[in-house]
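Listed below are the residues making up each chain.
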Amino acid sequence: QVKLDESGGGLVQAGSSLRLSCAASGRTVSSYVMAWFRRAPGKERELVAGINYNGGNTHYADSVKGRFTISRDNTNNMVYLQMISLKPEDTDAYYCAADRHSTVRVSQSDTAYDYWGEGTQVTVSS
């Protein structure tokens, strides 16, 4: 059993930066693909960024390429999402997710992920 706890969300002004953190506990996630999803009310969950076990493969949504960076610290069972140049359209609940069945390939489908955090809210004002 893996528990994921997100933190770092908040209310910021457009153009600002924010870093989200995901702390995994219960079991090491060092061999799992990890990802950040976001979901607005009434919308489907969207993959924002994903990272494989050693960071060699990453995937980003087109809307965040060049602005968001996903990283991981396997020693401390942590995953991060560094966000810069935030836009009002980035406003969403952001979720950390783990795919225990995948080590290398980052899936864009939320159905591939086995463990989820409760989410952290990011609100960007203009």
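That block above? That's the structure.
Keep in mind that this is a model prediction, so the values were computed, not measured.

A. The overall build of the chain, seen in detail. Within the chain, the regular secondary structure consists of zero helices and 11 strands. What you see in the chain, going N to C, is helices and strands ordered as β-β-β-β-β-β-β-β-β-β-β. Computed over its C-alpha atoms, the radius of gyration of the chain comes to 13 Å, within 12% of the 14 Å expected for a compact globule of 126 residues. Expressed as lengths along the three principal axes of its C-alpha atoms, the size of the chain is roughly 40 × 25 × 25 Å. Burial analysis of the chain (126 residues in total) assigns 44% to the buried set. A total accessible area of about 6300 Å² is found for the chain, and carbon and sulfur atoms account for 43% of it. In the chain, 13 side chains carry a positive charge and 13 a negative one; their mean positions are 3 Å apart.

B. Structural detail: the sheet that holds strand S3 (residues 18-25). The strand order across the open sheet formed by four strands is S1-S3-S8-S7, and the pairing between neighbours is antiparallel. Only two strands of the sheet have a single partner each, and these edge strands are strand S1 (3-7) and strand S7 (68-73). Taken pair by pair, the neighbouring strands of this sheet meet at an average axis angle of 15°, ignoring direction. Taken together, the six bridges between S3 and strand S8 (residues 78-83) define a ladder with antiparallel strand orientation. Opposite Arg19, over in S8, you have Gln82 as the bridge partner.

C. Geometry of unusual backbone geometry. The backbone phi angle of Asn77 is positive, close to 60°, even though this residue is not glycine. Among the structural elements, Asn77 can be located in the loop between S7 and S8. Although it is not a glycine, Ser85 adopts a positive phi angle of roughly 50°. With respect to the element layout, Ser85 can be found in the loop between S8 and strand S9 (92-99).

The rules behind the values
Residues numbered from 1 in each chain as written. Predicted model: local features only at pLDDT ≥ 70, side-chain atom pairs only at ≥ 80, totals over all residues. Heavy atoms only, no water. Helix = DSSP H or I, 4+ residues; strand = E, 2+ residues; numbered from the N terminus. Rg over C-alpha atoms; globule rule 2.2 N^0.38 Å. Buried < 20%, exposed > 50% of the residue type's maximum accessible area, 1.4 Å probe, protein only. Areas by Shrake-Rupley, 256 points an atom, 1.4 Å probe, with all protein chains shown as cover. Lys, Arg positive; Asp, Glu negative; His and termini not counted. Charge placed at Lys NZ, Arg CZ, Asp CG, Glu CD. Pairing = 2+ DSSP bridges. Axes fitted to C-alpha atoms, helices over the stretch in contact; angles between N-to-C directions.

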